[in-house]
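So you can see what is in the structure, the chains are spelled out below.
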Amino acid sequence: MQYKKLLKFLPILIISAINLSCSSITSTINYEAYKFGIEKSKAPLKYLADRMAYNTCPTFKVYNKTYTIPVVAVMTYVDSNNINYTSALGKTLTELFKDALIRECHVKIIEINLSKYVTVNSHGDVALSSNVNDLRTKFRTSYIYQGMYTLTRHQLIVYTRLINLRTGNIDKAYTDEIPVNDEIRELHDE
């Protein structure tokens, strides 16, 4: 008699067990959505910018204590196939990255696009020298971010580097990719 009662509840127990295991898988999958506050599939460029900032925060360690570099500059992301041209995709990536740096790393960003060292022309705002000595003398920071992207048939690959202008060394670098969608292609073609 007790077995019949147990068999009656067995399907409910199995379904409950399946739901519990699925919820733990879902919570693992959505960890990054939780951490970055956005899902990769719903806003891929914002997701990418948040990951780039998180992985290249301008910090350094001295005697096991972490310090944040308070002021950085960010150059506009350029297409690796034509570094003298800035597309709407490059400008969008740059603005999202600046926002993420402020949120994730709590730094101030020098607005170099308003500087007299950047010339806005028909090809974009990339007429800024990438010569480290030149950049070091023009800005009130010792660190600058440079970024590039490559658009393939199936993915957008983004490269981000934090360059120490005093030494010329790349202190941090991060590369990530996301699947290409119509929005990304449209921004790239503008």
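For the structure itself, consult the block above.
Nothing here was measured: the structure is a model prediction, and the numbers come from that model.

Enquirer: Quick one: what's the story with the packing of helix H4 (residues 88-105) against helix H6 (residues 182-189), residue by residue and with numbers?
Expert: One way to put it is that H4 packs onto H6 with a least axis distance of 6 Å and a crossing angle of 115°. By the angle between their axes, H4 is roughly perpendicular relative to H6. Every residue of H6 that contacts H4 at Ala-88, Leu-89 and Thr-92 is listed here: Ile-184, Leu-187 and His-188. Counted by class, the contact of H4 with H6 contains 4 nonpolar, 2 polar and no charged residues.

Enquirer: Help me get a handle on the environment of Thr-152, residues and values and all.
Expert: Along the chain, Thr-152 falls in the loop between strand S6 (143-151) and strand S7 (155-164). Residue Thr-152 is classed as partly exposed on the basis of its relative accessible area, which comes to 30%. Considering only alpha carbons, one finds Thr-152 and Arg-185, 33 residues apart in sequence, at a separation of 9.9 Å. Apart from the residues lying within four places of it in its own chain, the contact partners of Thr-152 are Ile-157, Val-180 and Arg-185.

Enquirer: Would you mind going over the state of the cysteines in detail, with residue names and values included?
Expert: Evaluation of the coordinates by the stated rule reveals 1 disulfide. The residue that forms a disulfide with Cys-57 is Cys-105, at a sulfur-sulfur distance of 1.9 Å. One quick way to see it: the torsion about the S-S bond of Cys-57 and Cys-105 is about -85°, and its sign makes the bridge left-handed. Here Cys-57, found in the loop between helix H3 (44-55) and strand S1 (59-62), pairs with Cys-105, found in helix H4; they are 48 residues apart in sequence, far enough to count as distant. A residue is classified by how much of its surface remains accessible, and Cys-105, at 6% relative accessible area, is buried.

Enquirer: So what about the nonpolar core? Which residues, and what values?
Expert: One finds Leu-101 and Leu-156 to be the most contacted residues of the largest nonpolar core, which totals 31 residues. Those residues within four positions of Leu-101 in sequence are excluded, and the remaining contacts are Ala-53, Pro-58, Val-72, Val-74, His-106, Val-107, Ile-109 and Tyr-145. Within the second largest apolar cluster, 7 residues are counted, among which are Ala-73, Met-75, Ile-110 and Ile-163.

Enquirer: Kindly report on the environment of Val-180, identifying the contributing residues and their values.
Expert: Considering the arrangement of structural elements, one finds Val-180 in the loop between strand S8 (170-179) and H6. A relative accessible area of 18% places Val-180 in the buried class. Measuring from C-alpha to C-alpha, the distance between Val-180 and Arg-153 comes to 7.4 Å, with 27 residues separating the pair along the chain. Here Val-180 is in contact with Leu-151, Thr-152, Arg-153, His-154, Gln-155, Leu-156 and Arg-185, once residues within four sequence places are set aside.

Rules used in this analysis
Residues numbered from 1 in each chain as written. Predicted model: local features only at pLDDT ≥ 70, side-chain atom pairs only at ≥ 80, totals over all residues. Heavy atoms only, no water. Axes fitted to C-alpha atoms, helices over the stretch in contact; angles between N-to-C directions. Helix = DSSP H or I, 4+ residues; strand = E, 2+ residues; numbered from the N terminus. Parallel < 35°, antiparallel > 145°, perpendicular 65-115°, else oblique. Contact = heavy atoms within 4.5 Å. Nonpolar A, V, L, I, M, F, W, Y, C, P; charged D, E, K, R; others polar. Buried < 20%, exposed > 50% of the residue type's maximum accessible area, 1.4 Å probe, protein only. Disulfide = S-S within 2.5 Å. Core = buried A, V, L, I, M, F, W, Y, C linked by side-chain atoms within 4.5 Å.

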